There are 2 protein chains.
Amino acid sequence: MGKERPLILLSNDDGVEAKGLHELIKTLRPIADLIVVAPDGPRSGASGAITSEYPLRCRPVRQEPGLIIYKCTGTPVDCVKLALHNFVPRRPDMVIGGINHGDNSSVNVHYSGTMGVVIEGCLKQIPSVGFSLCDHSADADFSAALPYVGRITEEVLQNGLPAGTCLNVNIPLGKQLNGVRICRQTAGVWTNEFATVANPRGGECYWLTGVYQNHEPEAEDTDHWALEHGYVAITPTRIDVTDYGIMDKLNGWNWEV
Amino acid sequence: MGKERPLILLSNDDGVEAKGLHELIKTLRPIADLIVVAPDGPRSGASGAITSEYPLRCRPVRQEPGLIIYKCTGTPVDCVKLALHNFVPRRPDMVIGGINHGDNSSVNVHYSGTMGVVIEGCLKQIPSVGFSLCDHSADADFSAALPYVGRITEEVLQNGLPAGTCLNVNIPLGKQLNGVRICRQTAGVWTNEFATVANPRGGECYWLTGVYQNHEPEAEDTDHWALEHGYVAITPTRIDVTDYGIMDKLNGWNWEV
């Protein structure tokens, strides 16, 4: 009589040992069987990178009823590809990335390994969601986030998502959150992106850092505004990145060689 | 009386020695001053990846009037960020990625280091274009592509591009091309993505490969169709990946915790 338990594929970009991944596992075990294929170390900022120059290694590190965890030498996207090709017993009902230590809102979506996981799941036509907490610390407190992670996962399991659309969920810090807002990606830019550091072997080198400049801090429909006002920001995200609105104009340009 | 010569920032994901980069340099030198900051080796499939865990090294390898070339230990996006932060004498008039050895059409845009370059330029609000040739070989023949590379660059220098929009240009093989088509991103999926290879130290490992399956081979408005019919495919690409069309629907879901 009972419906088969859902199967969810998890990965992340903070690596198989990250607290955010294990908080995600703890939250989802009551509602689904889980297969985890995660990088063997941190891959923050891996975006949608894939590894084609050399082969990957991958092995199970924990196996219990309803849960199996693999660690893998590749990128977050490699993990999803390899899981779907080699390790899943059947097509998963969802792909979830996270819970990331640090936000992936606004332009950061383009650099995000968490969203690399999610976009890969979506490319494979599986409903896919990324969760990120606005705290980079290794021992971040996920407790207020977890009820939202559970609710959003259950809602997507029930309703599915349209082909080509995935969800980017960012969760603010705070003991008491104000609920969910459906948002658009904030426009902004990173500035002052490098610190110059002395190379002990001579010369200088450059370490990525930066200051994020929000171009529209007052826009109440953006993910940044939601996060700054204590809301969970759900930004629906497309995998078709075509700019349809400019096609007519471009057809009028002179392309003759 | 004369207008200042344009300044164009170039990078790629095949590395500073790749033929495609040097064909691009050769084509653009008559029309612009060039600053090149490229990875010190291949970074295919780097997508929008950035390096935050360790510092980058970067040094000039060639300097002539109107041309300076740096090589850098980072990803394609690192190269663009570092160039704009440390090495450009003024804000460039364009950012160009390529010419890539291999196509970046359809879903491959998400994995593309070439488009990582272009999206980064666009995030920095500079008109940005990526060029890719449908030939992975190191000694690919770019001769039919170059007139289009020049024409498209000149057209973008003259007209600019709207904020948040960049161009993904894919060029088919062939001595005689049929002109330009403004396209949308083809829907499709990679299948059979891994070859299992023996690890000489024991066990198995997994090497990325795959077969691309086009979900809409007859759709004449797609980039794949254009390439298969001998046209240069220009796919306008957005950096705002929000799926606006689904927001109303998502607002009706149950997000209460």
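The model shown is predicted, which means the values in this text are computed figures rather than measured ones.

## Points about the relation of the copies chain B and chain A
Then comes step 1: Relative to chain A, chain B is turned by 180 degrees and slid 0.0 Å along the rotation axis, the superposed coordinates differing by an RMSD of 0.0 Å. What the rotation and shift describe, once combined, is the action of a two-fold rotation axis.
Then comes step 2: Mapped onto chain A, 100% of the interface residues of chain B are again interface residues, and the two copies thus contact each other with one and the same surface.

## Points about the interface of chain B and chain A
Then comes step 1: At the interface, 82 residues of chain B touch 82 residues of chain A.
Then comes step 2: When the buried surface of chain B facing chain A is broken down by residue, Tyr206(B), Val241(B) and Trp255(B) rank first, second and third, together holding 10% of it.
Then comes step 3: Counting across the chain B and chain A interface gives 4 salt bridges.
Then comes step 4: Here Glu193(B) ties to Lys124(A) by a salt bridge, and the two come within 3.0 Å at their closest N and O atoms.
Then comes step 5: Applying the counting criterion to the chain B and chain A interface returns 35 residue pairs in polar contact (both at pLDDT 80 or more).
Then comes step 6: Here the side of chain B that touches chain A is composed, by residue class, of 45 nonpolar, 23 polar and 14 charged.

## Digging into the packing of aromatic side chains
Then comes step 1: Summed over all chains, the structure comprises 10 aromatic pairs over all chains.
Then comes step 2: Judged by centre distance (5.7 Å) and plane angle (65 degrees), the ring pair of Trp190(A) and Tyr212(A) falls under edge-to-face. With Trp190(A) in strand β9 (residues 188-191) and Tyr212(A) in strand β12 (residues 211-214), the pair connects residues that are 22 residues apart, well separated along the chain.
Then comes step 3: On the basis of relative accessible area, Trp190(A) is assigned to the partly exposed category, the value being 22%.
Then comes step 4: With a centroid separation of 6.4 Å and 20 degrees between ring planes, the pair formed by Trp225(B) and Tyr231(B) is classed as stacked.
Then comes step 5: What links up through ring pairs into an aromatic cluster is the set Tyr70(A), Phe87(A) and Tyr206(B).
Then comes step 6: Above the ring of Tyr231(A), the side-chain terminus of Arg181(A) is found at 5.2 Å from the ring centroid.

## Re the UniProt feature "domain: Survival protein SurE-like phosphatase/nucleotidase" (unreviewed entry) in chain A
Then comes step 1: Following the UniProt record, one finds the feature "domain: Survival protein SurE-like phosphatase/nucleotidase" (unreviewed entry) at residues 8-191 of chain A.
Then comes step 2: Summarising residues 8-191 of chain A: 26% helix, 28% strand, and an end-to-end C-alpha distance of 38 Å.

## Some words on the UniProt feature "binding site: a divalent metal cation" (unreviewed entry) in chain A
Then comes step 1: Residues given the UniProt feature "binding site: a divalent metal cation" (unreviewed entry) here are Asp13(A), Asp14(A), Ser44(A) and Asn100(A). These residues run over 88 residues, yet every pair of their C-alpha atoms falls within 9.0 Å of each other.
Then comes step 2: Relative to the helices and strands, Ser44(A) is located in the loop between β2 (33-39) and β3 (58-64).
Then comes step 3: In this structure, Ser44(A) is in contact with Asp13(A), Asp14(A), Ile50(B) and Ser52(B), ignoring residues within four places of it in sequence.
Then comes step 4: At 3.4 Å, the side chain of Ser44(A) and the side chain of Asp14(A) are in polar contact.
Then comes step 5: Note that Asn100(A) resides in strand β5 (residues 94-101).
Then comes step 6: A distance of 2.7 Å separates the side chain of Asn100(A) from the backbone oxygen of Gly102(A), its partner in a polar contact.

## Re the pairing of strand β13 (residues 232-238) of chain A
Residue and element names in this part refer to chain A.
Then comes step 1: Of all 7 residues that make up β13, 6 are buried, and the element is covered over most of its length.
Then comes step 2: Pairing of strand β8 (residues 180-182) with β13, which is carried by 3 bridges, proceeds in the parallel orientation. Opposite Arg-181, over in β13, you have Ala-233 as the bridge partner.

## What to know about the sheet that holds strand β1 (residues 7-11) of chain B
Residues and elements named next belong to chain B.
Then comes step 1: What the 9 strands build is an open sheet, ordered β3-β4-β2-β1-β5-β6-β7-β13-β8; its pairing is mixed. Lying at the two open borders of the sheet, with one neighbouring strand each, are β3 (58-64) and β8 (180-182). When the angles between neighbouring strand axes are averaged without regard to direction, this sheet yields 20 degrees.
Then comes step 2: As paired elements, strand β2 (residues 33-39) and strand β4 (residues 67-72) share 6 bridges and run parallel to each other. Looking at the pairing, Ile-35 lines up with Ile-68 of β4.
Then comes step 3: Strands in contact with helix α2 (residues 76-87) are β1, β2, β3 and β4; relative to β2, the strand with the most contacts, it is inclined by about 135 degrees.

## So, the nonpolar core
Then comes step 1: Counting residues in hydrophobic clusters, the biggest one holds 70 residues, and the most contacted among them are Ile35(A), Val37(A), Ile35(B) and Val37(B).
Then comes step 2: Once residues within four sequence positions are removed from consideration, Ile35(A) is found in contact with Leu7(A), Ile8(A), Leu9(A), Leu10(A), Ile68(A), Tyr70(A), Phe87(A) and Val88(A).

## Looking at the packing of α2(B) against helix α3 (residues 113-123) of chain B
Residues and elements named next belong to chain B.
Then comes step 1: It is the contact of α2 with α3, at a shortest axis distance of 8 Å, that shows an interaxial angle of 30 degrees. Taken together, α2 and α3 sit at an angle that is classed as roughly parallel. Of the two possible hands of crossing, α2 and α3 adopt the one that is right-handed. Contacts from Pro-76, Val-77, Val-80 and Lys-81 of α2 reach α3 at Gly-113, Gly-116, Val-117, Glu-120 and Gly-121.
Then comes step 2: Considering only residue class, the contact of α2 with α3 consists of 4 nonpolar, 3 polar and 2 charged.

What counts as what
Residues numbered from 1 in each chain as written. Chains lettered and ligands numbered in written order. Predicted model: local features only at pLDDT ≥ 70, side-chain atom pairs only at ≥ 80, totals over all residues. Heavy atoms only, no water. Least-squares fit on C-alpha atoms with pLDDT ≥ 70 in both. Contact = heavy atoms within 4.5 Å. Buried area = accessible area lost by both parts, 1.4 Å probe. Salt bridge = Lys/Arg side-chain N within 4 Å of Asp/Glu carboxyl O. Polar contact = N/O pair within 3.5 Å; in protein donor to acceptor, adjacent residues only side chain to side chain. Nonpolar A, V, L, I, M, F, W, Y, C, P; charged D, E, K, R; others polar. Phe/Tyr/Trp six-rings, centres within 6.5 Å; stacked < 30°, edge-to-face > 60°. Helix = DSSP H or I, 4+ residues; strand = E, 2+ residues; numbered from the N terminus. Buried < 20%, exposed > 50% of the residue type's maximum accessible area, 1.4 Å probe, protein only. Lys NZ or Arg CZ within 6 Å of the ring centre and 35° of its normal. UniProt positions renumbered as here; feature names shortened; annotations may be inferred. Pairing = 2+ DSSP bridges. Axes fitted to C-alpha atoms, helices over the stretch in contact; angles between N-to-C directions. Core = buried A, V, L, I, M, F, W, Y, C linked by side-chain atoms within 4.5 Å. Parallel < 35°, antiparallel > 145°, perpendicular 65-115°, else oblique. Left-handed = near helix turned anticlockwise from the far one by under 90°.

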